[in-house]
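Residue strings, one per chain:
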Amino acid sequence: MRRSSLIVISLIFAACVAPVRFEGTSMMPTIKDGDRLFIDTNFGELARGDIVMHRFPPNPAKFYIKRIVGLPGERIEIRNGAVSINGSRIDESYVDPQHNSGKHSDVDLIIEPGHYFVLGDNRDNSSDSRSWGAVERSLIVGKYRLTYKSSPN
């Protein structure tokens, strides 16, 4: 009985969770280059702060991992690295101030319905919605759940 239960649990896990090796520095310090992650491909609602894997809008053959900071219909403003939603600055304790100098261009826009504004935690070294716009919901393929093997770097 135990073996069959383990097999069923394993099949469900395999159908809903994808192991991924992260490459790059855009999500530091939260996720490091070489970390191995579990991405939940059977996710439901999306919320501010969720880390998601999505297809890269200019080239959907590529995948990126970023954090959702803006939700559909919200007004997002970024000035000197500070993010405000509908006029209120949001707390982003996951962003290291040493890697958020605000060098990227400022943003002031209303996020379209069905789209999410995503940013890397390492703002100075991230290609994200500041460059290529909000991500359509249909391009989001999974939600980060955990790091199962940290990179030695």
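Provided above is the structure to which this section pertains.
Quantities reported herein were computed from a predicted structural model and do not represent experimental measurements.

Engineer: Sorry, what's going on with the layout of surface pockets here?
Structural biologist: Leftover empty space is mapped by rolling, across the atoms, a probe with the size of a water molecule. Looking at the largest pocket, its volume works out to about 180 Å³. Val20, Arg21, Phe22, Glu23, Gly24, Thr25, Ser26, Met53, Phe63, Tyr64, Ile65 and Lys66 are the residues that line the largest pocket. Counting only elements with at least two residues in the lining of the largest pocket, the list comes to β1 (17–21) and β4 (59–70). The element contributing the most residues to the lining of the largest pocket is β4, with 4 residues. In the lining of the largest pocket, the residues fall into 6 nonpolar, 3 polar and 3 charged.

Engineer: Hey, could you run me through the environment of threonine 41 in this one?
Structural biologist: Assignment of secondary structure puts threonine 41 in the loop between β2 (36–40) and β3 (51–56). Residue class for threonine 41 comes out partly exposed when judged on its relative accessible area of 36%. Sequence separation between threonine 41 and isoleucine 140 is 99 residues, and the spatial gap between their C-alpha atoms is 9.3 Å.

Engineer: How should I be thinking about the pattern of salt bridges in this particular structure?
Structural biologist: Pairing between side chains of opposite charge can happen when the charged atoms of each approach one another. Per the counting criterion, the structure on display carries 9 salt bridges. Across the salt bridge formed by arginine 48 and glutamate 74, the nearest N and O atoms sit 2.7 Å from each other. Within this pair, whereas arginine 48 is found in the loop between β2 and β3, its partner glutamate 74 is found in the loop between β4 and β5 (75–79), the two being separated by 26 residues in sequence. Taking relative accessible area as the criterion, arginine 48 reaches 32% and is therefore assigned partly exposed. Residues aspartate 50 and lysine 143 are paired through a salt bridge, measuring 3.3 Å at the closest nitrogen-oxygen approach. Of this pair, aspartate 50 sits in the loop between β2 and β3 while lysine 143 sits in strand β11 (residues 140–149); the two residues are 93 residues apart in sequence, bridging distant segments of the chain. Given the relative accessible area of 16%, aspartate 50 is considered buried. Residues participating in the shared-partner salt-bridge network are Arg75, Arg79 and Asp108.

Engineer: Help me understand the pairing of β3 in this model?
Structural biologist: Within a regular strand, side chains alternate between the sheet's two faces. Among the 6 residues that make up β3, 5 are buried, leaving the element largely enclosed by the rest of the structure. Pairing between β3 and β4: 6 bridges, direction antiparallel. Across the sheet, valine 52 pairs through a bridge with lysine 66, a residue of β4. From the end of β3 to the start of β4, which pair antiparallel, there are 2 residues. Two elements, β3 and β11, share 3 bridges in a ladder whose sense is antiparallel. Each bridged residue has a counterpart across the sheet, and for methionine 53 the counterpart in β11 is glycine 142.

Engineer: What's the story with the sheet that holds strand β6 (residues 82–85) in this structure? I'm lost.
Structural biologist: Across a sheet, paired strands are connected by hydrogen bonds in the backbone, their directions being either parallel or antiparallel. Overall, antiparallel pairing links the 4 strands, which are arranged β7-β6-β5-β8 in an open sheet. In the strand order of this sheet, the two ends are held by β7 (88–89) and β8 (107–110), each with one partner. Bridge count for β6 against β7 is 2 bridges, and the pairing is antiparallel. Bridging across to β7, serine 84 finds its partner in arginine 89.

Cut-offs and rules
Residues numbered from 1 in each chain as written. Predicted model: local features only at pLDDT ≥ 70, side-chain atom pairs only at ≥ 80, totals over all residues. Heavy atoms only, no water. 1 Å grid on protein atoms, 1.4 Å probe; cavity = no way out; pocket = protein on both sides within 12 Å on 5 of 7 lines; lining within 4 Å. Points joined across faces, edges and corners; volume = space filled by probe spheres on them. Helix = DSSP H or I, 4+ residues; strand = E, 2+ residues; numbered from the N terminus. Nonpolar A, V, L, I, M, F, W, Y, C, P; charged D, E, K, R; others polar. Buried < 20%, exposed > 50% of the residue type's maximum accessible area, 1.4 Å probe, protein only. Salt bridge = Lys/Arg side-chain N within 4 Å of Asp/Glu carboxyl O. Pairing = 2+ DSSP bridges.

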